[in-house]
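A structural walkthrough
So the chains spell out like this:
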2 protein chains.
Amino acid sequence: MIVVVTPNPAVDVTYRVDEQRIGTTQRVRSVERRPGGKGLNMARVLTAEGAPTHSVLPLGGAAGSWVAEQVEALGLPMTAVPVDGETRTTVTVVDDRAHPTMFGEPGPATTLATWQDLGGVLRRMTEDADTLVVSGSLPVGADPGAVAPWIADAVAAGLLVVADLAGPALLAAAAAGASVCKPNRDELAEATGHRDERDGALALLDRGAGLVVVSRGHRGIAAHSRTGVVEVAAVPDVTGNPTGAGDAATAGLVLALRDGADLPLALRTAAAFGAAAVLRPVAGEVDRAAVRRFLTPGERPRDPA
Amino acid sequence: MIVVVTPNPAVDVTYRVDEQRIGTTQRVRSVERRPGGKGLNMARVLTAEGAPTHSVLPLGGAAGSWVAEQVEALGLPMTAVPVDGETRTTVTVVDDRAHPTMFGEPGPATTLATWQDLGGVLRRMTEDADTLVVSGSLPVGADPGAVAPWIADAVAAGLLVVADLAGPALLAAAAAGASVCKPNRDELAEATGHRDERDGALALLDRGAGLVVVSRGHRGIAAHSRTGVVEVAAVPDVTGNPTGAGDAATAGLVLALRDGADLPLALRTAAAFGAAAVLRPVAGEVDRAAVRRFLTPGERPRDPA
């Protein structure tokens with residue numbers, strides 16, 4: 001079982017308006033409301049591939065209840081860890097003219113007690129789990145070190161631990177010995193202070209990460225170990241909605257690594273899932289036929305038993 | 001008892017950002033979330049004045065549950081009429097530079113059955129009520145005629161019926177014989193097609209309204225009957241937050257009319273409440289000391305028994 005922690009889940013709202021204009025009252029023509037957060041996107045992709053997952057989400061208030069309902073309606077097994085305050089909302093405003101504008105709430109103030117509760121939930125799940133994924137931002141103001149004991153405990157229990165985090169939480173995950181740290185290039189540079197990708201990856205490896213996988217968008221994906229770098233190209237000529245493509249790529253990486261794939265195949269699987277997500281209009285979904293098309297026949301991901 | 005119907009209540013969210021910029025990702029520095037809707041603002045003012053109210057709200061989804069909780073926390077007696085879908089949210093984005101930008105969701109699709117349920121609730125309340133207020137927009141796509149039977153039934157039962165509506169719903173309320181129609185000048189012109197205020201008011205009176213009270217913002221307030229117009233000036237030199245001032249003015253009008261005030265006093269009371277609301281930073285509250293200051297000593301509203 002893959003346990004997926006989303007430390008700061010969200011209600012992702014998209015408003016379509018006729019034309020974005022500051023200082024006006026705008027009639028919202030259509031509203032989309034979806035449970036959001038990188039970990040949730042990943043859990044959806046993993047579940048669609050038949051992999052057993054269990055999502056762990058701090059949730060609070062009416063927005064938290066709504067997320068819980070929606071996650072259950074998606075058929076994702078879940079444990080909610082109660083938090084005070086309202087689970088955050090993100091509002092993305094789109095029209096046919098300008099780039100989207102995104103407003104991101106900071107998320108509820110999360111206390112140490114909540115993180116300890118979450119750690120307790122994770123420890124109880126260790127027996128049935130082979131993989132732990134910690135994915136997405138932490139609430140604004142949260143101690144980034146909160147992720148360290150979750151990761152250290154899971155590593156000690158022999159799990160594959162994948163940390164898709166940013167900033168100080170990424171550094172904390174590396175120091176706690178995460179099997180894989182998976183930032184994108186900007187996140188790596190921002191967290192480590194190294195503009196050079198190899199230098200940044202080495203900084204995480206030096207802290208204790210087992211492997212550093214760096215997504216480069218349309219320039220592919222790379223895995224850094226102490227001994228070197230394995231790189232694969234992105235799937236060419238794929239256009240669509242890139243939202244959630246990185247999460248799908250991480251899901252593909254996790255599936256391949258759990259299956260014992262070697263690094264080149266794991267990276268190609270990640271690239272295939274990322275590209276197949278671009279073909280779908282919403283985050284958290286992949287075009288499964290495209291995944292198979294993007295992988296050569298010998299590289300189909302194993303069907304889960 | 002004053003029954004207050006808010007046909008399209010809302011979760012009113014205010015996001016403070018550093019600087020509004022289209023096409024960017026903006027970190028929300030602070031979030032305020034309040035139950036909104038003109039009728040709710042009115043009910044809060046009426047309740048603060050000691051008048052017995054009962055709010056009737058179509059509510060749905062997690063947002064509807066949240067509104068119900070908040071309304072109860074405010075101490076407002078309430079009956080929720082369940083609707084499918086999510087109660088609407090409005091998002092207002094503010095910074096220190098530009099005018100606020102407001103995004104208004106259309107509200108849930110409300111079926112005829114919901115309106116009939118609401119009418120049933122109102123009829124059961126008629127025995128204990130002396131006043132019915134119907135206040136605020138209808139959900140986008142709702143039949144504006146839905147308000148007609150509520151108003152006609154209440155008029156037939158001898159209640160004072162105040163319709164603070166706009167567009168075709170305002171016309172429907174007049175035709176149903178509302179005791180008072182209370183648009184602002186823009187709403188009156190838009191609903192009747194008459195730019196001239198007197199012509200617009202006569203159009204509503206011709207349809208069946210008992211009285212048409214028109215709020216003119218800083219230019220005061222007027223009451224039109226077939227025989228003429230009574231006007232009062234606004235309270236001068238009041239600055240602050242005008243949001244909800246119109247709702248407070250309507251609340252003052254209702255209080256005065258229930259108390260048997262003559263029209264000039266009722267209008268002065270409305271103007272005093274409107275101005276006293278401007279002095280408070282949030283909608284739904286008035287500076288009660290200011291109300292008394294703005295009315296001359298002989299005009300204090302009666303303390304409710």
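The rules behind each value
- Residues numbered from 1 in each chain as written.
- Chains lettered and ligands numbered in written order.
- Predicted model: local features only at pLDDT ≥ 70, side-chain atom pairs only at ≥ 80, totals over all residues.
- Heavy atoms only, no water.
- Helix = DSSP H or I, 4+ residues; strand = E, 2+ residues; numbered from the N terminus.
- Rg over C-alpha atoms; globule rule 2.2 N^0.38 Å.
- Buried < 20%, exposed > 50% of the residue type's maximum accessible area, 1.4 Å probe, protein only.
- Contact = heavy atoms within 4.5 Å.
- Lys, Arg positive; Asp, Glu negative; His and termini not counted.
- Charge placed at Lys NZ, Arg CZ, Asp CG, Glu CD.
- Buried area = accessible area lost by both parts, 1.4 Å probe.
- Salt bridge = Lys/Arg side-chain N within 4 Å of Asp/Glu carboxyl O.
- Polar contact = N/O pair within 3.5 Å; in protein donor to acceptor, adjacent residues only side chain to side chain.
- Nonpolar A, V, L, I, M, F, W, Y, C, P; charged D, E, K, R; others polar.
- Axes fitted to C-alpha atoms, helices over the stretch in contact; angles between N-to-C directions.
- Parallel < 35°, antiparallel > 145°, perpendicular 65-115°, else oblique.
- Left-handed = near helix turned anticlockwise from the far one by under 90°.
- Phe/Tyr/Trp six-rings, centres within 6.5 Å; stacked < 30°, edge-to-face > 60°.
- Least-squares fit on C-alpha atoms with pLDDT ≥ 70 in both.
- Pairing = 2+ DSSP bridges.
- Right-handed = clockwise from strand over helix to strand, strands pointing away.
- 1 Å grid on protein atoms, 1.4 Å probe; cavity = no way out; pocket = protein on both sides within 12 Å on 5 of 7 lines; lining within 4 Å.
- Points joined across faces, edges and corners; volume = space filled by probe spheres on them.

As for the overall build of chain A
Along chain A, the regular secondary structure elements total ten helices and 14 strands. Taken against the 2.2 N^0.38 rule, which gives 19 Å for 305 residues, the C-alpha radius of gyration of chain A at 19 Å falls within 12% of a compact globule. Dimensions along the principal axes, computed over C-alpha positions, put chain A at roughly 55 × 45 × 40 Å. For chain A, buried positions account for 55% of its 305 residues. Taking as baseline every contact in chain A between residues at least 6 positions apart, the subset at least 24 positions apart corresponds to 63%. Here chain A holds 28 positive side-chain charges and 35 negative ones, and the gap between their average locations is 4 Å.

Some words on the interface of chain B and chain A
Taken together, the 28 residues of chain B in the interface contact 28 residues of chain A. Across the chain B/chain A interface, buried area totals approximately 2400 Å², and carbon plus sulfur atoms make up 62% of it. Broken down residue by residue, the surface that chain B buries against chain A is led by Ile22, Phe103 and Glu105 of chain B, which jointly contribute 24%. Of the charged contacts, one joins Arg33 of chain B and Glu105 of chain A as a salt bridge, the two residues approaching to 2.7 Å between their closest N and O atoms. Taken together, chain B and chain A are joined by 14 residue pairs in polar contact (both at pLDDT 80 or more). Of all elements in the fold, only β3 (25-27), β4 (30-36), α2 (61-73), β7 (88-94) and β8 (101-104) of chain B reach the threshold of two or more residues within the side of chain B that touches chain A. For the side of chain B that touches chain A, the leading source of residues is β8 of chain B, giving four residues. Its residues placed into classes, the side of chain B that touches chain A shows 14 nonpolar, nine polar and five charged.

Looking at the packing of helix α4 (residues 147-156) of chain A against helix α5 (residues 167-175) of chain A
Residues and elements named next belong to chain A. Where α4 contacts α5, the axes come no closer than 8 Å and their chain directions differ by 30°. Accordingly, the angle class assigned to the pair α4 and α5 is roughly parallel. You can see that α4 and α5 cross each other, and the crossing is right-handed. Of the residues in α5, those in contact with Val147, Ala148 and Ile151 of α4 are Ala169, Ala172 and Ala173. For the contact of α4 with α5, the residue count by class is six nonpolar, no polar and no charged.

Here's the deal with the packing of aromatic side chains
Applying the stated criterion across every chain yields a total of five aromatic pairs over all chains. When the ring of Tyr15 of chain A is compared with that of Phe103 of chain B, the centres are 6.3 Å apart and the planes differ by 40°; the resulting orientation is tilted. Within this pair, whereas Tyr15 of chain A is found in strand β2 (residues 10-16), its partner Phe103 of chain B is found in strand β8, the two belonging to separate chains. With 5.5 Å between their ring centres and 55° between their planes, Trp115 of chain B and Trp150 of chain B make a pair best called tilted.

A closer look at the relation of the copies chain B and chain A
Between the two copies, chain B and chain A, the superposition gives an RMSD of 0.0 Å; the rotation angle is 180° and the shift along the axis is 0.0 Å. Within this description, the copies of the chain are treated as partners about a two-fold rotation axis. Within chain B, the C-alpha atom positioned nearest to the axis of rotation is that of Ala62 of chain B, 2.7 Å from it. Both copies contact each other with a shared surface, as 100% of the interface residues of chain B are interface residues in chain A too.

A few points about the environment of Glu49 of chain B
Residues and elements named next belong to chain B. On the secondary structure map, Glu49 appears in the loop between α1 (38-48) and β5 (53-59). On the basis of relative accessibility, which here comes to 6%, the residue Glu49 falls in the buried class. Once the C-alpha coordinates of Glu49 and Ala234 are considered, the two residues, 185 residues apart in sequence, prove to be 21 Å apart.

Structural notes on the pairing of strand β6 (residues 78-82) of chain A
Residue and element names in this part refer to chain A. Relative to β6, strand β5 (residues 53-59) is paired through five bridges, and the arrangement is parallel. Note on β6: the bridge partner recorded for Pro58 is Val81. The handedness of the β5 to β6 crossover, carried by helix α2 (residues 61-73), is right-handed.

Comments concerning the sheet that holds strand β7 (residues 88-94) of chain A
Hydrogen bonds between backbone atoms are what pair the strands of a sheet, whose relative direction is either parallel or antiparallel. Across the sheet, five strands lie side by side as β4(A)-β2(A)-β7(A)-β8(A)-β3(B); this open sheet has mixed pairing. The strands lining the two open edges of the sheet, one partner per strand, are β4 (30-36) of chain A together with β3 of chain B. Averaged over all adjacent pairs, the angle separating strand axes in this sheet is 20°, with direction ignored. Direction of pairing for strand β8 (residues 101-104) of chain A relative to β3 of chain B: parallel, over a ladder of three bridges. Each residue of the ladder has a partner; that of Phe103 of chain A, found in β3 of chain B, is Gln26 of chain B. Set on the sheet, α2 of chain A makes contact with β2 and β4 of chain A; between it and β4 of chain A the angle comes to about 80°.

Quick notes on the sheet that holds β4 of chain B
Here we have five strands laid out as an open sheet, ordered β3(A)-β8(B)-β7(B)-β2(B)-β4(B), and mixed in their pairing. Of all strands in the sheet, those bounded by a partner on one side alone are β3 (25-27) of chain A together with β4 of chain B. Geometrically, the sheet is characterised by an average inter-axis angle of 20° between neighbouring strands, direction not taken into account. Strand direction decides the pairing type here: β7 of chain B and β8 of chain B, joined by four bridges, are antiparallel. Among the inter-strand pairings, Thr92 of chain B is bridged to a residue of β8 of chain B, identified as Met102 of chain B.

Overview of the environment of Arg44 of chain B
Residue and element names in this part refer to chain B. The residue Arg44 is located in helix α1 in this model. Distance from Arg44 to Ala261, taken between C-alpha atoms, is 22 Å for residues 217 residues apart in sequence. Sequence-distant contacts of Arg44, defined by excluding residues within four places in its chain, comprise Arg34, Leu74, Leu76, Ala283, Gly284 and Glu285.

Considering the pattern of salt bridges
Residues and elements named next belong to chain A. In this structure the tally under the stated criterion is 32 salt bridges over all chains. A salt bridge links Glu19 to Arg97, with the nearest nitrogen and oxygen atoms 3.7 Å apart. Of this pair, Glu19 sits in the loop between β2 and β3 while Arg97 sits in the loop between β7 and β8, and the two are 78 residues apart along the sequence. The exposure class of Arg97 is exposed, given its relative accessible area of 61%. In the salt-bridge network here, residues are joined through shared partners; they are Arg185, Glu197, Arg216 and Glu231.

Considering empty space enclosed by the protein
Per the stated rule, a full pass over the model turns up six cavities of 30 Å³ or more. As a volume, the largest cavity reaches approximately 270 Å³. Along the walls of the largest cavity sit 22 residues, with Arg33 and Thr89 of chain A together with Arg33, Ala63 and Thr89 of chain B positioned nearest its centre. Those elements that provide at least two residues to the lining of the largest cavity are β2, α2 and β7 of chain A together with β2 (10-16), α2 and β7 of chain B. Each residue belonging to the lining of the largest cavity can be placed in one class, and the counts come to 14 nonpolar, two polar and six charged.

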